[in-house]
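# Topology and contacts: notes
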Amino acid sequence: MKLLKNHSLLLVLILFSGYGYIASCTHESLSPLPSAASNTPVITRGNAVLVPGSMIVGDSTQWKLDKAHCNVMWSTNYVGAAGLLTGRFNQFGMHDVTDAKMLNYVTAAQPLLDTSWAFNESDPTKTYFSGYVQINQSNTGEPGRDGGCNITTLGTVPIVAGTQNLTVTNIAKIRTTDVKFDPLSNDYIVTINLSWKGTLAAPLTKSIVGRLKYIPKTKVQFGTSAAYSVFGLQLKFQLNCRDFGITSTNVSDKIDIECNMNFNNK
Amino acid sequence: MKNGELNKISTPLMQLNFMDNSFFAYLQQLELLVFFSGYPFLYLLIGSLKSIKFVNPEFRKDINQLLPYTYAFAGVIFIGFELKNLYPDFSFNNISQRIQEPFWYVWGILSLLFWIPRINKIPTLSFLHSLFFLYLFVRIFKKFTSEMNTDHSFQANNMRVYTISLLLYLTILFVFYFLSFLVKRFLEKRSH
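What counts and how
- Residues numbered from 1 in each chain as written.
- Chains lettered and ligands numbered in written order.
- Predicted model: local features only at pLDDT ≥ 70, side-chain atom pairs only at ≥ 80, totals over all residues.
- Heavy atoms only, no water.
- Helix = DSSP H or I, 4+ residues; strand = E, 2+ residues; numbered from the N terminus.
- Rg over C-alpha atoms; globule rule 2.2 N^0.38 Å.
- Buried < 20%, exposed > 50% of the residue type's maximum accessible area, 1.4 Å probe, protein only.
- Areas by Shrake-Rupley, 256 points an atom, 1.4 Å probe, with all protein chains shown as cover.
- Pairing = 2+ DSSP bridges.
- 1 Å grid on protein atoms, 1.4 Å probe; cavity = no way out; pocket = protein on both sides within 12 Å on 5 of 7 lines; lining within 4 Å.
- Points joined across faces, edges and corners; volume = space filled by probe spheres on them.
- Nonpolar A, V, L, I, M, F, W, Y, C, P; charged D, E, K, R; others polar.
- Patch = residues over 30% accessible without salt bridge, like charges linked within 9 Å, V, L, I, M, F, W, Y side chains within 5 Å.
- Salt bridge = Lys/Arg side-chain N within 4 Å of Asp/Glu carboxyl O.
- Contact = heavy atoms within 4.5 Å.
- Buried area = accessible area lost by both parts, 1.4 Å probe.
- Polar contact = N/O pair within 3.5 Å; in protein donor to acceptor, adjacent residues only side chain to side chain.
- Phe/Tyr/Trp six-rings, centres within 6.5 Å; stacked < 30°, edge-to-face > 60°.
- Lys NZ or Arg CZ within 6 Å of the ring centre and 35° of its normal.
- Expected span 1.5 Å × (residues − 1).

## Comments concerning the overall build of chain A
- Along its length, chain A carries 2 helices and 15 strands.
- Against the compact-globule benchmark of 18 Å for 266 residues, chain A has a radius of gyration of 31 Å, which places it well outside the compact range.
- Oriented by its inertia axes, the alpha-carbon framework of chain A measures out at about 120 × 50 × 35 Å.
- Taking all 266 residues of chain A together, the buried fraction comes to 44%.
- Within the structure as shown, chain A displays about 14400 Å² of accessible surface, and the carbon and sulfur contribution to it stands at 60%.

## Notes on the pairing of strand S15 (residues 254-264) of chain A
Residues and elements named next belong to chain A.
- Sheet topology places strand S2 (residues 64-65) next to S15; 2 bridges connect them, and they run antiparallel. Looking at S15, one finds that Leu-65 is bridged to Phe-263.
- In this structure, strand S3 (residues 71-77) lies alongside S15, joined through 5 bridges in antiparallel fashion. Bridging from a neighbouring strand, Asn-71 pairs with Asn-260 of S15.
- Note: strand S14 (residues 228-240) against S15, 11 bridges, orientation antiparallel. Within S15, the residue paired with Gln-238 across the bridge is Asp-256.

## Quick notes on the layout of surface pockets
All names here are of chain A.
- Roughly 690 Å³ of internal volume is contained in the largest pocket.
- What lines the largest pocket is a set of 42 residues, among which Trp-74, Phe-89, Ile-135, Ile-255 and Ile-257 lie closest to the centre.
- Considering only residue class, the lining of the largest pocket consists of 29 nonpolar, 11 polar and 2 charged.

## Points about empty space enclosed by the protein
Residue and element names in this part refer to chain A.
- Summed over the entire model, instances satisfying the criterion amount to 1 cavity of 30 Å³ or more.
- In this structure, the largest cavity spans a volume of roughly 30 Å³.
- Gln-134, Asn-136, Gln-137, Ile-159, Val-160, Thr-163 and Asn-165 are the residues that line the largest cavity.
- Residue composition of the lining of the largest cavity, grouped by class: 2 nonpolar, 5 polar and no charged.

## Some thoughts on the pairing of strand S11 (residues 171-181) of chain A
Residue and element names in this part refer to chain A.
- Alignment of strand S8 (residues 128-134) against S11, held across 5 bridges, turns out to be antiparallel. Looking at S11, one finds that Gly-131 is bridged to Ile-174.
- Between S11 and strand S12 (residues 188-196), which pair antiparallel in sequence order, lie 6 residues.

## A word on a nonpolar patch on the surface
Residues and elements named next belong to chain B.
- On the surface, Phe-174, Val-175, Phe-178, Leu-179, Phe-181 and Leu-182 cluster together into a nonpolar patch covering about 570 Å² of accessible area.
- Locating Phe-174 in the fold gives a position in helix H9 (residues 153-191).
- In this structure Phe-174 comes out as exposed when scored by relative accessible area, which is 58%.

## Quick notes on the interface of chain A and chain B
- Taken residue by residue, the interface counts 17 residues in chain A and 22 residues in chain B.
- Counting the surface lost from both chain A and chain B, the interface buries some 1600 Å², and carbon and sulfur atoms represent 75% of this.
- Here chain A and chain B share 0 salt bridges between them.
- Across the chain A-chain B interface, the total number found is 2 residue pairs in polar contact (both at pLDDT 80 or more).

## Notes on the packing of aromatic side chains
- All chains considered together, the criterion is met by 35 aromatic pairs over all chains.
- Between the aromatic rings of Phe-137 of chain B and Phe-141 of chain B, the centroid separation amounts to 6.3 Å while the plane-to-plane angle is 40 degrees, which identifies the pairing as tilted. Placement of the pair is Phe-137 of chain B and Phe-141 of chain B together in helix H8 (residues 123-147), with a separation of 4 residues, close to one helical turn. Neither Phe-137 of chain B nor Phe-141 of chain B differs from the other in exposure class; each is buried.
- Its end group placed over the ring of Phe-92 of chain A, Lys-67 of chain A keeps NZ or CZ at 4.9 Å from the ring centre.
- In this arrangement the basic side chain of Lys-266 of chain A is found over the ring face of Tyr-228 of chain A, its NZ or CZ atom lying 4.6 Å from the centre.

## Focus on helix H2 (residues 23-36) of chain B
All names here are of chain B.
- Taking 1.5 Å as the rise per residue, H2 with 14 residues should run 20 Å; its terminal C-alpha atoms sit 20 Å apart, in good agreement.
- Among the 14 residues of H2, 10 are classified as buried, and the element is accordingly described as predominantly covered.
- Taken as a whole, H2 has its buried residues at Ala-25, Tyr-26, Gln-28, Gln-29, Leu-30, Glu-31, Leu-32, Leu-33, Phe-35 and Phe-36.

## Quick look at the environment of Ile-43 of chain A
Residue and element names in this part refer to chain A.
- By the secondary structure assignment, Ile-43 is in the loop between helix H1 (2-23) and strand S1 (49-50).
- When the C-alpha atoms of Ile-43 and Ser-17 are compared, they prove to be 53 Å apart, with 26 residues separating the residues in sequence.
- Beyond its immediate stretch of four places on either side in the chain, Ile-43 contacts Asp-182, Pro-183, Leu-184, Ser-185 and Asn-186.

## A look at the pattern of salt bridges
All names here are of chain A.
- Within this structure, the stated rule accounts for 11 salt bridges over all chains.
- Across the pair Asp-187 and Arg-211 runs a salt bridge, and its minimum N-O distance is 3.0 Å. Residue Asp-187 is found in the loop between S11 and S12, and its partner Arg-211 is found in strand S13 (residues 204-220); the two are separated by 24 residues along the sequence.
- With a relative accessible area of 35%, Arg-211 lands in the partly exposed category.
- Through salt bridges with shared partners, a single network forms among Asp-182, Asp-187, Arg-211 and Lys-213.

Function cannot be read off these values alone, since they describe shape.
Structure representation (structure tokens):
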């Protein structure tokens, strides 16, 4: 009888323990392990094809450079060692300024149509652009510097009111020679030819690699006015100003350039 | 952080009433379970050896006699563990703050009584004494199973504690049996 009790108690305890182990099973060992984090960047590209056409107002298939909402900025380390000196160019455009077009234009508006570009999101071989800045339109917010030492330092001439100076002494141009996908991001790697005279006797053309970012097309509408679409292109690159004869020790060798171009189809 | 402040933290664990809303009390229950909850199973397991004919009767007898000592030794380890936790402040204030449920502690410390030959002559007493801890274990397990059935982590932890306790007793019993075997052999050689 005692033995039976002993066995019964043991059986009860075994059953309880067994139940305990089963009930406490968290199935951790049965759950599949979460997949390892991927090092592969997530790259999603659409197939937007954006071209300026003739920039006819009202044609939504033709994209216009919205210059009022664009900027071309530069920055460099002050004396090559301290914080950034920054500025922007007040006058710039996206036109392939050939030698024949390198003139003084008496106008307050864009002297040339901003039509020298095309963007193809899925086929970078069809993407290209040209652009320019007027060097004497560099604006650091310090009038004494912008109209003074900057002029001589950069080898250009002072601003003439009402004139857009696209002559060889005052223009820096870029033109893409190659555009390809960046394998690590949604961006594009672009190779550009930068032509600038600086303080040299004649313009120098340097091949520079930069990064182009596409800010996708989006439809916007404000109030009761008609909806339209916008998109952006951002180009970043770096140049060595010593290549172009800039000797001022106020600026570093390296100048960073950032172009933020916004377009709309109004 | 004082216990009172800790109790204000609203977690599922502390919403359980059986531990008087004290997380520390729950932890101390676990400590007790580690040291004592495995004994009833071991006792019944050794007791069931009686019905197995091929087990040497002398082995059965020896091991049965060692059971209360095993239990008492677990009590010694328990006290050592608690003293280590109290070190270096053995003041009454510290002891009273640390010990949430004095009754459980006293009951655990009572296991030391099984060092006394008169008491350990009756192994059933050690079994009865340890049933309190088995009851404690079942109560905790039942509470977690009924009130927190969405998360098995607490049950898994309780069963881990129970398994450690079983292994602790099996180890102590094995060591005790080995030592007693050596002593016996030594004495036999001396007597020859």
